[in-house]
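Listed here are the chains, written in short residue letters.
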Amino acid sequence: MLTNAFNTATAGLQTLQVAIGTVSQNVANSGVAGYTRRVVSTESAGPGNSGVAVARIDRTFDEMALKQMRLESAHAAYASAKADILAQIDKLSGKPADSSALDARLNGLAKSLLALASNGASASSRSTVVDAASVLADKIRGMADALQAMRDGANKRLAAEVSAADGLLTSIADLNIKATTVTDDATRVGILDRRDQQITELARYMEVKSIRQRDGGVTLMTASGLTLVERGAATKLSFIDRSPATGGGAIVATLPGGVGLELDASAVSSGSIAANLEIRDAILPRAQRRLDDLAFGLAQAFTNTTVTAGRRGAGFDLRLDDVAQMQPGNTITIAVGSGDTQRTIVLVASNLASKSLDVAQPPGRVQTFAIPSAPATSQAYAAALSTAISAAAPGLTVTSGGSNSITVGGAGIQSVTASVTQPKTAGDLSGGYPKLAVFVDGAANALVNGAMDDGPQRAGLAARLAVNTALKADTSALVAVGSSPSALSRPQALYQALTSEKQGFSSPNGSSNRSPAMTTVISFAQDVVAAAGAEAAASATVADQQNVAKANADAWFSKGASVNIDEEMSRLIALQTAYAANARVLTAAREMIDLLLRA
């Protein structure tokens, strides 16, 4: 009996030493990131369960709180990255009341034209118009360059984040092996802490789901179901860099079996990687398209005339004299239906054979038509347009309406308009009166007519927009007098082109499920600035809300996992008391044994 008491007390002291050491470890690591509080679980041991032993050392935390914290971390990283880039885009456009804002620069050009209209003889007024146009072109080019720099930055961030995520996956797989093979509990819980901390860090890059295995390992999957880690095997993430022309780099996941899969934003679901994919492939291209649309509309407002077809019975007549002036890139727009069923058919003049164009123009179709060789008859134009419209909108027809007209017919047609560039070249400062090429395409000083033959001229135009060098050399062209004494002066016509004449623009908020909006250049610029501000504000609100949700999830997890010094001190006192009691039992047993041996 005495030896049993001696052995039991000894086992109790040994067990309490482990428990006291665990309390000491908890106190020492209080506040250390990634550390979770440890507790010692005991079990009966020895003959007749008369003794005690350490069963295991466990970590204390709420598994659901951990999963929620990782989920909110991914969502917060995603929302914050988007909010940051949209705030930068908003800053580029400027605030509506700022003098350096995009719409303010455009208003400055309009005001200079209005001033010139009242004082056409003033050389300084003409120079002011050219200067205002140059400032506006510089603003648009600067915005386009900044957007491209942001896109390059997003691509570089993706490369860095994919590399970091791949390193974490490899490390997590290695820790999986260690966690399932180590026998020492104190070492094992340290490994599990390190592994959980790395999974939480990975969650900032992409949303992950973790499944704990019975042997202590963990399986990681993306929200879309792609396995990232299975015990000791990790999927290899790599970033394949590509030129910006092909959309930038791609993320490739190579499975342990060697199969490679390219991941997009939907596969990653959330986190900073998904955000940067969306930023690079959707948000910034959308902002660039808006700017290109503005640059294109601005240039064409000064050069193009919109001709409206007159109704003739069930069809609409375009004059041959107007159609024959069309240049490559000029368009005939046919509105069919109304309300939710409205669609738009756009026929684009081309020097090449008719073909469908893969451009965003829902709900409708875009098709080129081959410009007949001059001098062309109405029959030749009708044949060329008929070939195009039969491919774009079966059921509509184009026929010759006589020697000087072309008739567009078919059920549901609401209107037919043609946009025609008046100047023949950028250097033609008088032939297209009152129209004038104020803005041109790039260093080649090319006329902006929307040509599609060598790729859409509109694409990337904002980065190439410049003021016509011929106009800079001869500002008197701004006040040239036309042949009709009753017509508007050229400054008045150019001012009206900016402020009153409507043309088709894409939706300023990037929506692709509606027909082009008919509005003025100035109104569209104001809409672009307002849309950028609204997007930035909405995204900032979402980011703030998501950061609050993340903070709440962090607090929830911390409540169960962090070390409370007061609680640890209380446990230490209880352990000290138990240790003293066991020591007293051990002393008493030893004294009794000594007494027995001396008798």
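Residues numbered from 1 in each chain as written. Predicted model: local features only at pLDDT ≥ 70, side-chain atom pairs only at ≥ 80, totals over all residues. Heavy atoms only, no water.

*Asks:* Quick question: what am I supposed to make of the environment of Ala9 here?
*Replies:* Secondary-structure assignment places Ala9 in helix α1 (residues 2-28). Put simply, Ala9 and Ala581 are 572 residues apart on the chain and 8.9 Å apart in space, counted from C-alpha to C-alpha. The contact partners of Ala9, leaving out residues within four places of it in the chain, are Asn582, Val585 and Leu586. (Helix = DSSP H or I, 4+ residues; strand = E, 2+ residues; numbered from the N terminus. Contact = heavy atoms within 4.5 Å.)

*Asks:* Can you help me understand unusual backbone geometry in this one?
*Replies:* Glycine aside, a negative phi is what most residues show, and trans is what most peptide bonds show. The linkage connecting Ala374 with the following residue, Pro375, adopts the cis geometry, with an omega of -10 degrees. Mapped onto the secondary structure, Pro375 falls in the loop between β15 (364-370) and α9 (378-392). Put simply, Tyr433 and Pro434 share a cis peptide bond, and its omega is 0 degrees. Its place among the elements puts Pro434 in the loop between β18 (413-421) and β19 (439-441). Positive phi values are uncommon outside glycine, yet Arg231 reaches one of about 55 degrees. Looking at where Arg231 falls in the secondary structure, it is placed in the loop between β5 (227-230) and β6 (233-234). Residue class for Arg231 comes out partly exposed when judged on its relative accessible area of 39%. (Buried < 20%, exposed > 50% of the residue type's maximum accessible area, 1.4 Å probe, protein only.)

*Asks:* Would you explain the pattern of salt bridges in this entry?
*Replies:* When their charged atoms lie close together, side chains carrying opposite charge are able to pair. If you walk through the whole model with that rule in mind, you get 26 salt bridges. Here Asp193 ties to Arg38 by a salt bridge, and the two come within 2.3 Å at their closest N and O atoms. Placement of Asp193 in helix α5 (residues 185-205) and of Arg38 in strand β1 (residues 38-45) is noted, with a sequence separation of 155 residues between them. You'll find Asp193 and Arg38 in the same group, each marked buried. Of the charged contacts in the structure, one is a salt bridge between Arg70 and Asp196, with a shortest N-O distance of 3.5 Å. Linking Arg70 in helix α2 (residues 63-93) with Asp196 in helix α5, this pair joins segments that are 126 residues apart in sequence. (Salt bridge = Lys/Arg side-chain N within 4 Å of Asp/Glu carboxyl O.)

*Asks:* Got a minute to help me understand the packing of aromatic side chains in this structure?
*Replies:* Where two aromatic rings form a pair, the distance of their centres and the angle of their planes describe that pair. Summed over the entire model, instances satisfying the criterion amount to three aromatic pairs. Ring geometry for Phe61 versus Phe557: centroids 6.1 Å apart, planes at 55 degrees, classification tilted. Of the two residues, Phe61 sits in the loop between β2 (51-59) and α2 while Phe557 sits in helix α12 (residues 521-561), which places them 496 residues apart along the sequence. In this structure Phe557 comes out as buried when scored by relative accessible area, which is 15%. Seen in terms of ring centroids, Phe505 and Phe524 are 4.3 Å apart; in terms of plane orientation they differ by 10 degrees. Their pairing is stacked. With a gap of 19 residues between them, Phe505 in strand β21 (residues 503-505) and Phe524 in helix α12 connect regions that are remote in the sequence. (Phe/Tyr/Trp six-rings, centres within 6.5 Å; stacked < 30°, edge-to-face > 60°.)

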